[in-house]
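One-letter residues, chain by chain:
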Amino acid sequence: MNNAIYNFPLPANEPVLEYKKNSPERNQLDDELKRQLRNPIEIPLIIGGKEVRTAQTGQVRMPHNHSHVLATYYKATEKEVQMAIDAALEAHRIWSDLSWTVRASILLKAAELISGKYRAVMNAATMLGQSKNIYQSEIDSVCETIDFLKFNAYFVSRIYEMQPRSAFNQLNKMEFRPLEGFVFTVSPFNFTSIASNLNMAPVMMGNTTVWKPATTSLLSNYYLMKIFQEAGLPDGVINFVPGSGALIGKVALASPDLAGIHFTGSNTTFNYLWKEVADQLPHYKSYPRLIGETGGKNFIFVHPTAVPKEVAVNAFRGAFEYQGQKCSAASRMYVPVSLWTEVKSELIRISSDATMGDVTNPGNFINAVIDEGSFDNCMDYINYAKASDDSEIIAGGNGNKSVGYFVEPTIIVTSNPKARSMEEEIFGPVLTIFIYEDNRLQETIELCNTTSPYGLTGAVFARDRVAASDMCEQLRYAAGNFYINDKPTGAIVGLQPFGGSRASGTNDKAGGEFNLIRWISPRTIKETFQPATEYRYGYMME
Ligand code: NAD
């Protein structure tokens, strides 16, 4: 047993490569894209380290060309979910007892594999399977995934340093036990890095997981699972179980060994899981930890002293990168009438310049939304706005799903600050703008604060620094990630820990100590060197 006290140093963030034409990284990526396009694969379940195939299959198709099949995957039935729970509980015995530096070394090895050997694989799978362009894929499936892995190893050393005080006659220790049971991890389609971290954060702390990946991100998620295995993750520590969320959720939540849920996705799904857990509470061995990051209705608030061009560029990027399918994407904006003409003309200019299409054409800023359900949902909001007297569409407004699920980046201007698209999460490329009279600044800030149930991200633009600070104060609970003169997307691990409150989740800040701490159940151990030998206290013997 090596008794050295070891701390992992603060890592640097993974550099974002440029992928310029003819660069080595671009050539490798182009080859890998061709390989994955030509060779559809099979995606089995991976339970206890073994590949499992069932009688039920589905297909992974490209959102931007839905006739193209990238993979056939196998769906779990109740039997395989139970097998996954059993495998996780079995692996818990060894994993929870393993030296934490060994656990950390597996995460760091996975980070190295993604940074080098599998960089092109992760990028190509995320680009093709989730319709991300090169840059969006690089910052997610490579850089953020690596950052989560490396920073977790660093943060955990800081957590383990925390110990209670001791005295000469006693020794006090805190043992950082993993949770007792298994963690059910449920990941969304939109970030490969989130799928990785939902598993690897609890795993770093000694837990084992049953992972239900989103069906629309299975290609990249499967490669991730294979990389974890290659990095040395023991069998059963993470069990990869694609299939129906409702079915897998039902079996996982019925287990008395459910120790926690690590979820990212919609508010509706998280509310459902929470309610199911509450209904079955007496049946669990421990209170399951419920950690969930959910939706948003993220705002940009423009002060009359803002710079119009900065507002327009950041609104366009913040609202439309990855087709508005970032939980942090801007989807409502408040602009003073004094700046509107300039902001509007710049927004229209950028909208007519940005092109939409296949991810393999690097010139395209916009690609497809994830699936037909998302396409129909976006078009429903757009058509609703078209039919409303209080709304006007100033850019985009069209969609076409004949080849891929393409929705034009759409800008709605409304005179109704409570219009449907100002309040509800759409999760697509739709930005709604309310123009306010400059002398109604205060009441418009209050409107911004109270219009939606969410509290994920928000940005204010102002040259007047005192005004910016004032807005930061007044919008204190409107966003868990708040930006001054920047777009509300693009949080980086170690720099802007991420998560929102209100209906946006439990705000346990992915990518930091706050989240990792949720995956341990500390035990305090007191040892006394002079045990009592007299039952009476001194004052009783006077
Ligand atoms: P979703 O809720 O539809 O699905 C998320 C996951 O839950 C998927 O794996 C899905 O299969 C699974 N699921 C669905 N029903 C289930 C059930 N009954 N039991 C168990 N699992 C079930 O969300 P999505 O469409 O994949 O992702 C988009 C949503 O995620 C948006 O609302 C977005 O804002 C949110 N999101 C939030 C953050 C954040 O950090 N706050 C990050 C990314 C995405």
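Above: the structure in question.
Criteria and thresholds
Residues numbered from 1 in each chain as written. Predicted model: local features only at pLDDT ≥ 70, side-chain atom pairs only at ≥ 80, totals over all residues. Heavy atoms only, no water. Pairing = 2+ DSSP bridges. Helix = DSSP H or I, 4+ residues; strand = E, 2+ residues; numbered from the N terminus. Axes fitted to C-alpha atoms, helices over the stretch in contact; angles between N-to-C directions. Contact = heavy atoms within 4.5 Å. Near = heavy atom within 4 Å. Polar contact = N/O pair within 3.5 Å; in protein donor to acceptor, adjacent residues only side chain to side chain. Areas by Shrake-Rupley, 256 points an atom, 1.4 Å probe, with all protein chains shown as cover.

1. Comments concerning the sheet that holds strand E17 (residues 410-414)
Next up, step 1: Strand order in this open sheet of seven strands is E14-E17-E18-E13-E12-E20-E21, and the pairing throughout is mixed. With one partner strand each, in any of the chains shown, strand E14 (391-395) and strand E21 (481-484) form the two edges of the open sheet. Neighbour to neighbour, the strand axes of the sheet diverge by 20° on average, direction disregarded.
Next up, step 2: As paired elements, E14 and E17 share four bridges and run antiparallel to each other. From the neighbouring strand, Ala395 faces E17, where its bridge partner is Ile411.
Next up, step 3: The strands touched by helix H12 (residues 372-387) within the sheet are E14, E17 and strand E18 (430-436), with E14 carrying the most contacts at an inclination of about 120°.
Next up, step 4: Lying on the sheet, helix H15 (residues 465-474) is in contact with strand E12 (298-302), strand E20 (457-461) and E21; it crosses E21 at an angle near 165°.

2. Digging into unusual backbone geometry
Next up, step 1: In this model, Gln323 sits at a positive phi of 55°, which is unusual for a non-glycine residue.
Next up, step 2: Among the structural elements, Gln323 can be located in the loop between helix H10 (308-320) and strand E13 (330-336).
Next up, step 3: One non-glycine residue, Arg502, adopts positive backbone phi at about 45°.
Next up, step 4: Considering the arrangement of structural elements, one finds Arg502 in strand E22 (residues 501-502).

3. Some thoughts on the site of the ligand
Next up, step 1: Around the ligand, the structure places 27 residues, and the nearest of them are Ser187, Ser266, Thr269, Thr294 and Glu425.
Next up, step 2: Note that an oxygen atom of the ligand is positioned 2.7 Å from one of the backbone N or O atoms of Ser187.
Next up, step 3: Gly265 places a main-chain nitrogen or oxygen 3.3 Å from an oxygen atom of the ligand.
Next up, step 4: Contact with the protein chains covers 85% of the free accessible surface of the ligand, which is 850 Å².
Next up, step 5: Those elements that place two or more of their residues in the shell around the ligand are helix H8 (245-254), strand E10 (258-264) and helix H9 (267-279).

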